[in-house]
Every structure is written in structure tokens, then in C-alpha cells.
Amino acid sequence: MLVLSTSLLAFATHAVQAQEARHFWSGDWYLKVGATGFLGAKYDGSSKRLFQAAPLISLGRAGSTVRFSSRNDNPAFAFVDTGAFRAGLSGKLIFTRDQDTSDDLKGLDPVRFGGELGAFAEVYPTDWLRLRGELRHGIRSHDGIVGDLAADAFVDVTDTIRVSGGPRVTAATSDYFDAYYGVDATEAAASGLSQYKPSGGLASVGLGTAITWQATEKIEASAFAEYKRLMGSAADSSLVKERGTRNQVLVGLSATYRFDFTLD
């Protein structure tokens, strides 16, 4: 299964810059392209693992005040950027999850291709800590609301190597859980799973860590690992209890190359 993952770093245009520029897109930009490979669960809650690959694409203004970014950050556009505080729109692309993803899902309604759209905010209470939250509403894939909270401490151990890590928490409404973890009477008969009606609440808690190496001015590589434990309606689902596990682990590597360009 090929998982497509894109990460768009946010940018903000100051009023003075806007007056001087011919267009809102005028100025210096960068484009990062690369790939990531990781070993993780076939789907959230699965006990079976699969090696997956994904392209990485990151676009932003040169000189952006973004101090830290994580592979967990979803594509975002900042309308407010003071350096210590950023806020704006965020979104997430969701790919189909059905019986082709895993035999465990036979008889269950598929999660359709779609996305989530909402807002994000992040703050730097210190020079080495970032707090970030996202709140998104499902589009087509589900009708629920999903919230993510993360804290990442980061330190440059050398001029080219950065170590980072911290806790993650996810919560959601019942409509989200129903799409991913619910099993109605028809699905129970078709899949052999016990019938299950979820409610909203906490979805998972976990930890993530990464080591990032700035190999050259333009080449960046990273090794990362994440652990999360499913909670609440996710952990209580018959899909997880009867065919999967609450404990989810992911490890991987990534590399990107930066292209610099100017738009008039």
C-alpha cells in the first residue's frame, strides 16, 4: 500500500512586504522534495505491520519564522505569525481504507477518500519547546471532528544534528469513531466481528521522537519513531479487541532536497 503524505509548511505575508511586492506570491521561496519509508500498522488498531513509502513535498517562503516542524504536522497556512505564535488553516488528506488495506476489514464499510479541514495554532513558550494544536472537521471520509495536541522539545546537539520529541494526544467525536471503529448489525454479520457503537472522547495518547541531520545546506535526513496507545472508543472497538491491538508503533527514515526560487 502506497501512502501519500504531503506536508506544506505555512507562511505569513507582512503588510510592509505586501506593499513592496507586485503580487502576494512575489518573493523568495523554497520547495523541498523527498521521500520517507516507514514500518507501521496496516491501519490504526491493526496488529499487522507493513513497510510503506511516501513522497514528501514542502513549500514555504524563504526566511519563514517556523522554528520547528514535525512529521505529524498537517498542511497549514498561517494568517497570524509573530514568531512566538502562529495560527491559521490546516488540512489533512485521507485515503481509502477498505478490505484491500487488510483482510481484517472484510465486511466493514470502507472509509472513503476525502480529507479534514480546520484550524491550527502553535506557540513557543521557550526557545526549545513548541506546543501545537489542530482542530479539523471531516470531509467525505467521515462527519466527525478531530483534535490533536502535541508538545515537542528540540535541541541542536551539533550545528547539523537536531534531536526532538514529546507527547501527543488525539480526541474525536462519535462520528469519527463510527467511521473507523464502529460495527453495526449488517457489518457484524458480514465481518464476524461483534457489534459495536462508539461514542466520542479520547482516541489515543503517545510519544514521538526524531533525529534530524542537515547533511548539506539543501539536503536533510531524519530518523523517527512513534508510539501511541489507543484509548476510549478506539480501544473498546471489537475491530481492535478481536483482530488488532491498542499498541501502535511506527519507525522510519526520510530525506529531502531543497530547491530555492524567486517569483516576481
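See the structure printed just above.
Cut-offs and rules
- Residues numbered from 1 in each chain as written.
- Predicted model: local features only at pLDDT ≥ 70, side-chain atom pairs only at ≥ 80, totals over all residues.
- Heavy atoms only, no water.
- Core = buried A, V, L, I, M, F, W, Y, C linked by side-chain atoms within 4.5 Å.
- Buried < 20%, exposed > 50% of the residue type's maximum accessible area, 1.4 Å probe, protein only.
- Helix = DSSP H or I, 4+ residues; strand = E, 2+ residues; numbered from the N terminus.
- Contact = heavy atoms within 4.5 Å.
- Polar contact = N/O pair within 3.5 Å; in protein donor to acceptor, adjacent residues only side chain to side chain.
- Salt bridge = Lys/Arg side-chain N within 4 Å of Asp/Glu carboxyl O.
- Patch = residues over 30% accessible without salt bridge, like charges linked within 9 Å, V, L, I, M, F, W, Y side chains within 5 Å.
- Areas by Shrake-Rupley, 256 points an atom, 1.4 Å probe, with all protein chains shown as cover.
- Lys, Arg positive; Asp, Glu negative; His and termini not counted.
- Charge placed at Lys NZ, Arg CZ, Asp CG, Glu CD.
- Phe/Tyr/Trp six-rings, centres within 6.5 Å; stacked < 30°, edge-to-face > 60°.
- Lys NZ or Arg CZ within 6 Å of the ring centre and 35° of its normal.

A. Region of the structure containing the nonpolar core. Counting 13 residues, the largest nonpolar core has A172, Y176, F177, Y180, Y181, L230 and A234 as its most contacted members. Counting only elements with at least two residues in this core, the list comes to α2 (174–181) and α4 (232–236). Considering each element in turn, this core owes the most residues, four residues, to α2. Discounting residues that sit within four places of it in the chain, Y180 has contacts with I94, R97, V111, H142 and L239. Listed in part, the eight residues of the second largest apolar core include L105, L193, Y196 and L239.

B. Quick peek at the environment of R243. For R243, the location among the structural elements is in helix α5 (residues 238–243). A sequence separation of 196 residues divides R243 from S47, and the C-alpha atoms of the two residues are 7.3 Å apart. Each residue touching R243, except ones within four places of it in the same chain, is listed here: Y43, S47, D104, K106, S191, G192, L193 and S238. Side-chain polar atoms of R243 contact the backbone oxygen of S191, separated by 2.4 Å.

C. Just the pattern of salt bridges, in detail. On inspection of all chains with the given rule, the structure shows 20 salt bridges. Between K106 and D103 there is a salt bridge whose closest N-O contact spans 3.8 Å. Assessed through its relative accessible area of 43%, K106 is described here as partly exposed. Residue D103 is classed as exposed on the basis of its relative accessible area, which comes to 53%. A salt bridge links R258 to D260; its shortest N-O distance comes to 2.8 Å. Owing to a relative accessible area of 17%, R258 belongs among the buried residues under this scheme. Each of D73, D81, R86, E116, E122, R130, R132, E134, R136, D148, D152 and R168 takes part in one network of salt bridges that share partners.

D. Region of interest: unusual backbone geometry. One non-glycine residue with positive phi stands out, namely R140, at about 75°. Inspection of the secondary structure assignment puts R140 in the loop between β6 (129–139) and β7 (145–156). Judged by relative accessible area, which is 48%, R140 ranks as partly exposed.

E. The arrangement of a negative patch on the surface in detail. The grouping of D109, D143, D175, D178 and D184 at the surface amounts to a negative patch. When you line up the elements, D109 lands in the loop between β4 (85–94) and β5 (114–126).

F. Local environment of the packing of aromatic side chains. Summed over the entire model, instances satisfying the criterion amount to eight aromatic pairs. Ring centres 4.9 Å apart and planes at 10° place the aromatic pair F68 and F154 in the stacked group. Linking F68 in the loop between β2 (49–61) and β3 (76–81) with F154 in strand β7, this pair joins segments that are 86 residues apart in sequence. Judged by its relative accessible area of 7%, F154 falls in the buried class. Here the aromatic rings of F177 and Y181 are separated by 6.2 Å at their centres, their planes lie at 40°, and the arrangement is tilted. Placement of the pair is F177 and Y181 together in helix α2, with a separation of four residues, close to one helical turn. Of the two residues, F177 and Y181, neither departs from the other in class, the shared state being buried. Within the aromatic cluster, the residues linked to one another by ring pairs are Y176, F177, Y180 and Y181. Over the face of the ring belonging to F38 we find R71, whose NZ or CZ atom lies 5.8 Å from the ring centre.

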